[in-house]
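A closer look at the structure
Residue strings, one per chain:
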Amino acid sequence: FGLSEKALTLQLLDEIPDHSLTVLDKGFMSAELMGKLRRGGQERHYIVPAKSNQRRELIEGTIDDGIVKMVVSGPARKFDPELGTHWRARAVRRKDADGKETYLLTSLTDKKRFPAATIAQLHRQRWKIETSYRELKQSMMGMALSLRSQSVEATRQEIWGCLIAYNLVRLEMAGAAEEAECAPTEISFVLALHAFQFEMMHAAALH
């Protein structure tokens, strides 16, 4: 407790395997974190959204897909002298469904192996996972700070129980969407969960 998410992430870097890709939220975007992730192993890559106020200098390619150079701050260099004065990354511009533009910074610089569309798709996939975690934590668990179980084995069981319940709700949502001839994303997870909870409480009251 008392540590920031970035500080906790720095402690976990050694556990990231070689030949891997780590997709991060923009709150983790820093030269220090990206540099240590890359230097700590072989072919350890990242994708992270750029902050809206970040200054970047295009040195190769286009504004839609190019190599950019960014200044490393003085405090960051003092904390990690290996960073140097600048760091480089590939910047891919993507648009959300609502038209909002986002730049994704990545160490996957080989455009033939990793087209811009692939970079954007990988980030969208991470966001879907993030949304699922939010639904689990906020909607299903009511923002509980910790699990109720008091042992390791019981904690594992509780986690699996939550995941099974989540997927069952999602499965029923998919079935309902098929019957209604609409996309599953058009059905609210919260409303579906409340419907399940009401039916379960109603069934329990009948017995």
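Just above sits the structure.
A short tour of the structure in this document, coming up.

Structural notes on the packing of helix α5 (residues 152-180) against helix α6 (residues 189-206)
At a closest axis distance of 10 Å, the pairing of α5 and α6 adopts a crossing angle of 105°. By the angle between their axes, α5 is roughly perpendicular relative to α6. Contacts between α5 and α6 pair Tyr166, Val169, Arg170, Glu172 and Met173 from the former with Phe189, Ala192, Leu193 and Phe196 from the latter. Grouping the constituent residues of the contact of α5 with α6 by class yields seven nonpolar, no polar and two charged.

Brief notes about α5
Each full turn of the α-helix corresponds to 3.6 residues, which orients residues three or four apart in the same direction. Along its 29 residues, α5 runs 42 Å from first to last C-alpha, staying within 8% of the 42 Å computed at 1.5 Å per residue. On its buried face, α5 is in contact with α4 (116-140) and α6. Remark: glutamate 181 follows α5 within two positions and exhibits a positive phi of approximately 55°.

Focus on the pairing of strand β5 (residues 86-95)
Across seven bridges, the pairing between strand β4 (residues 65-71) and β5 is antiparallel. The residue bridging isoleucine 67 from the neighbouring strand is arginine 90, located in β5. Relative to strand β6 (residues 101-106), β5 is paired through six bridges, and the arrangement is antiparallel. Within β6, the residue paired with arginine 90 across the bridge is threonine 106.

So, the sheet that holds β6
Spatially, six strands are ordered β1-β2-β6-β5-β4-β3 in an open sheet, and the strand pairing comes out mixed. Of all the strands in the sheet, just β1 (20-23) and β3 (57-61) have a single pairing partner and so form its edges. Neighbouring strand axes in the sheet, compared pairwise and without regard to direction, differ in orientation by 30° on average. Direction of pairing for β1 relative to strand β2 (residues 44-49): parallel, over a ladder of four bridges. Bridge pairing links leucine 21 to histidine 45 in β2.

Looking at the nonpolar core
Side chains of a nonpolar character, in soluble globular proteins, are inclined to be buried together. In terms of nonpolar packing, the biggest core is built from 21 residues, with Leu24, Met34, Tyr46, Val48, Trp87 and Leu105 touching the most fellow members. Of all elements in the fold, only α2 (31-39), β2, β4 and β5 reach the threshold of two or more residues within this core. Among the elements that make up this core, the one with the highest residue count is α2 (four residues). Counting residues in each nonpolar core, the second largest holds eight residues, with Cys162, Tyr166, Ala192 and Leu193 among its members.

What counts, and at which threshold
- Residues numbered from 1 in each chain as written.
- Predicted model: local features only at pLDDT ≥ 70, side-chain atom pairs only at ≥ 80, totals over all residues.
- Heavy atoms only, no water.
- Axes fitted to C-alpha atoms, helices over the stretch in contact; angles between N-to-C directions.
- Helix = DSSP H or I, 4+ residues; strand = E, 2+ residues; numbered from the N terminus.
- Parallel < 35°, antiparallel > 145°, perpendicular 65-115°, else oblique.
- Contact = heavy atoms within 4.5 Å.
- Nonpolar A, V, L, I, M, F, W, Y, C, P; charged D, E, K, R; others polar.
- Expected span 1.5 Å × (residues − 1).
- Pairing = 2+ DSSP bridges.
- Core = buried A, V, L, I, M, F, W, Y, C linked by side-chain atoms within 4.5 Å.
- Buried < 20%, exposed > 50% of the residue type's maximum accessible area, 1.4 Å probe, protein only.

These results come straight from atomic positions and should not be treated as a statement about function.
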